[in-house]
Amino acid sequence: MFKGWAVCSERLSVWSYCNNFGMNFEYFDNIGTIAENYKLFRDYGATYLYDESSLSGKQAFAFQTMMAYVHSQLMWDCEQNVDELVSDFIKHYYKEAAEPMQKYFDLIRTFVTTRKIEKGKEDGKYYGTGIWAQSDSSTLLNKNFWKKNVLDQMLGYFDEAYAAIESAWYKGDEKEKMRLRLLAESLTPRMYLIQLFSTEINDDEYLKMIDDFVDDAAEIGVASVFSGQSMSETVTNWKNNIKQ
């Protein structure tokens, strides 16, 4: 496609996508492909790039703020090391909580990438592990894809992160800012647990998890979990899981 357009013009504009718009809280597995994509655009003469992600502040896919930083940095210089950009962001954005948040990112990234390869072999399909990474909600939003113990491990890293900011020097607004940063990221593994593992969680605990999720999502301004479905509709579906 790019070869054809490059014949037509020496300067190209590219409109690409870096989010799954059907599933707001998903970890979009493209961290290993961004730089290679941008190099490809550059080599075919692209001088303008619009990489569309969240449509508004009311969506909160995993590491949304960090990905905005990484994408913007690579737009200026796509030869930069992506892993170094990620680590630099986590270090300065999460500060005293950087170590557990780096562990969380490494775990979700490695797990999703590995499971896509494994599921691809099982299903005889391609789930976006190459240069044109894409997310497939029917694959990722599936109990056969995720493992409850891995999601529990992720939440354990958030416990460490909250403890780190509690023992740090933060006071007042600064401490609240750090709490909200962690809160926003915690929604992704919590959503997967609620959506997929209702039968493995005590009913009372499950209902509390839903209520806490809704309150926390509202606090950071997130209006929905799934595009085209209100939060109240999603909650109704979750609570119906108990009756099944």
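Owing to the predicted nature of the structure, the values given are computational and were not obtained by experimental measurement. (Residues numbered from 1 in each chain as written. Predicted model: local features only at pLDDT ≥ 70, side-chain atom pairs only at ≥ 80, totals over all residues. Heavy atoms only, no water.)

This part takes up the pattern of salt bridges. Applying the stated criterion across every chain yields a total of 19 salt bridges. When the shortest N-O distance is used, the salt bridge between K39 and E79 registers 3.7 Å. In this pair, K39 is assigned in helix α2 (residues 34–43) and E79 in the loop between α3 (64–76) and α4 (82–94), connecting sequence segments 40 residues apart. A relative accessible area of 48% means that E79 is categorised as partly exposed. Residue E176 pairs with R179 through a salt bridge whose shortest N-O separation is 2.7 Å. Of the two residues, E176 and R179 are both situated in helix α8 (residues 172–196); the distance of 3 residues between them amounts to about one turn of the helix. Residue classification places R179 among the partly exposed positions, given a relative accessible area of 25%. Three or more residues joined by partner-sharing salt bridges are found here, namely E36, K39, R42, D43 and E79. (Salt bridge = Lys/Arg side-chain N within 4 Å of Asp/Glu carboxyl O. Helix = DSSP H or I, 4+ residues; strand = E, 2+ residues; numbered from the N terminus. Buried < 20%, exposed > 50% of the residue type's maximum accessible area, 1.4 Å probe, protein only.)

Counted by the stated rule, this structure contains 15 aromatic pairs. Note on Y69 and F89: the rings are 5.5 Å apart at their centroids and 35° apart in plane angle, and the pair reads as tilted. In this pair, Y69 is assigned in helix α3 and F89 in helix α4, connecting sequence segments 20 residues apart. Through a chain of ring-to-ring contacts, the aromatic side chains of Y27, F63, Y104, F105 and F158 assemble into a single cluster. The aromatic ring of F145 is capped on one face by R115, whose charged end is 5.5 Å from the ring centroid. Looking at R181, its charged tip hangs above the ring of Y93, at a distance of 3.8 Å from the centre. (Phe/Tyr/Trp six-rings, centres within 6.5 Å; stacked < 30°, edge-to-face > 60°. Lys NZ or Arg CZ within 6 Å of the ring centre and 35° of its normal.)

Of note, the phi angle at F63 is positive, near 60°, even though the residue is not glycine. Tracing the backbone through its elements, the reader meets F63 in the loop between β2 (46–52) and α3. Overall, F63 belongs to the buried group, its relative accessible area being 0%. Positive phi outside glycine occurs at K95, with the angle close to 50°.

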